[in-house]
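Letter by letter, the chains look like this.
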Amino acid sequence: MEGTGTDVFIEFAYVIAVSLFILSLRWLSSPTTARRGVLAGEVGMLIAILATLLNHQIVTYHWIFVGLVVGALIGIPLGLVQMTAVPQRTALSHAFGAFAVTLIGTAEYYLRAPDISAFVMSALAIEVILGSLTFTASLMAAGKLQEVLPQRPITYEGQNKVNLSILGSAILIALIMVAHPGATWLFPLLILIPLAFGVLLIIPIGGADMPTVISLLNSYAGLSAAAMGFVVKSKLLIVAGALDGSSGFILSMIMSKAMNRSFTNVLFGAFGQVQESAAKTEEVGTVRSATPEEAAAIIEAAATVMVVPGYGMAVAQAQHKVREFYDALTKKGIDVKFAIHPVAGRMPGHMNVLLAEADVPYDRLIEMEDANSEFPQVDVALVIGANDVTNPAARHDKNSPIYGMPILEVEKARTVMVIKRGMSPGFAGIENELYYLDKTLMIFGDAKAVVGSLVRELSGGQGH
Amino acid sequence: MSSELWSNIYVLLLAGFLGFEVIRRVSPLLHTPLMSLTNALDAIAVVGAIVIVGEGHTKLATFLGTFAIISATSNVVGGFLITDRMLRMFKSSPRGGGKK
């Protein structure tokens, strides 16, 4: 270790890389410095890779360059996907990261076995178990998000017991291997069982749980990389893995809090339990519906408008029309803001990215707490493709499955407008009592088409 | 060996706390870019794969390692690229309206 000058130089380069990684995340805290953060990360990565190539243990470069070139060629299209495809791309990249870590773990094991200390074997086991379960789980999540797999959660009796015993058997094998690191015939099981577990873990997950699941998988991918750092004795990897792991951990905590689920509930994969709505809303009241023309007339008279976007806006690809809507109102001197629920969409921050893509200024996007303090002063709250995150039952109906979940209190606005395809309930299968309030107007139709006709009314109808 | 092990555990602990404190400050506005950025940084695992492939000890290690380099590099390139694309889109109001 204390060897040559090159070794010292490589270690020094790694220290620089680690500092740049930390600065990179630090600068990401605000949109004004965030791009500098990306640059810092890129420079750090470049330094680390170049320094590694100097390692004197490397005797052949052929396959290294093949790998780097092919990887870059695959990475470029993955970096250029449409913004609406970002959730599935993110899930896919968690799968790739976990795949790499698992492959390295496997290679390390067969290179070293049976000469492996108990500690290194434990780290290796954690690395490949987390890596392989994250690999299949992320692929499943990406498949569901891309809608090549059924999005509907599939649940069965005793699902959690089955899953936990499968995970338990993997841990058992890991323990045996820690005691007998030379048992090479057991090692494939240490990968195959978690691979199966990863699939089973995601089967009961519905679309609305995706923000939590993606964050959790992010955390697992980071932890497996940190475990790999212990195997290959790289502090650089330990730090990067710990940063990624804690980032995913924080995001999963924020997401589970925003869905009113305990963190243990999320950790054990007990999500997606679609409870039967205990009390089917009997007093289904009357629904008032409005045409876009009528709605536009009311909006025109408003001083403040709060738009509440949800996954429906993403599905309808309505973000650009929403931006035109924002422009038309701003031109008339109407104050427009966007209230963003933490779990709106399919991944953390999903709505913000879509609206930013459509050029809505980010200072118009406000968080749930701020939005809720503003709703009583809002003239028109316009809900576009969001459902459960606006359901007032979450605040007062103890029988409601979403009771306790923090919501956007749109019902406090003077007038509520909801753009919706039909009266079908949201993911939790719950009626939204918001739709039956006297102050609520339903505008039925495709989000993109409805917002489009609102824009037409607002910018065309000068005569009003 | 054993002292290195302990220092690595300290590193893990400190990096975990540091990550927690730094990332807690990231605005919810940027949670999606945060995820793609940490994903790209996490692909530093490529460094481990490079050493394994370069040592060229066994065919199996070279084979597995090459695929590891491919998937990690695709995360590095794709992750930084999309993070920067996303962040470029975040613009503030033209009137230069400051923070809320």
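Provided above is the structure to which this section pertains.
Computed from a prediction, not measured in an experiment: that's the story for all the values here.

> With reference to specific residues and values, describe the interface of chain B and chain A.
Often, the extent of an interface is quoted as the loss of accessible area upon association of its parts. Listed by partner, the interface residues are 82 residues for chain B and 99 residues for chain A. The set of elements that each furnish at least two residues to the side of chain B that touches chain A consists of α1 (2–24), α2 (31–42), α3 (46–55) and α4 (59–89) of chain B. The leading source of residues in the side of chain B that touches chain A is α4 of chain B, at 28 residues. Within the side of chain B that touches chain A, the residues separate by chemical class into 45 nonpolar, 27 polar and 10 charged.

> Pulling in residues and values, what's your account of helix α17 (residues 447–460) of chain A?
Residue and element names in this part refer to chain A. Taking 1.5 Å as the rise per residue, α17 with 14 residues should run 20 Å; its terminal C-alpha atoms sit 20 Å apart, in good agreement. Regarding α17, the residues found buried are A447, V450, V451, L454, V455, E457 and L458. Considered in projection along α17, the buried side chains sweep an arc of 165 degrees and stay on one side of the axis. Tucked into the core, α17 has its buried residues touching α11 (292–300), α12 (311–315), α13 (319–331), β4 (380–384), β5 (415–420) and β6 (440–444).

> An account of the packing of α3 of chain B against α4 of chain B is needed here, citing residue identities and associated values.
Residue and element names in this part refer to chain B. In contact at an axis separation of 8 Å, α3 and α4 are set at 150 degrees when each is read in the N-to-C sense. On the basis of the axis angle, α3 is roughly antiparallel to α4. In terms of crossing hand, the pair formed by α3 and α4 is left-handed. Listed contacts from α4 to V46, A49, I50, I52 and V53 of α3 are A61, T62, G65, T66, A68, I69, A72, T73 and V76. In terms of residue class, the contact of α3 with α4 is built from 10 nonpolar, 4 polar and no charged.

Cut-offs applied
Residues numbered from 1 in each chain as written. Chains lettered and ligands numbered in written order. Predicted model: local features only at pLDDT ≥ 70, side-chain atom pairs only at ≥ 80, totals over all residues. Contact = placed C-beta atoms within 7 Å. Helix = DSSP H or I, 4+ residues; strand = E, 2+ residues; numbered from the N terminus. Nonpolar A, V, L, I, M, F, W, Y, C, P; charged D, E, K, R; others polar. Expected span 1.5 Å × (residues − 1). Buried ≥ 20, exposed ≤ 12 C-beta atoms within 10 Å, placed from the backbone. Arc of directions from axis to C-beta. Axes fitted to C-alpha atoms, helices over the stretch in contact; angles between N-to-C directions. Parallel < 35°, antiparallel > 145°, perpendicular 65-115°, else oblique. Left-handed = near helix turned anticlockwise from the far one by under 90°.

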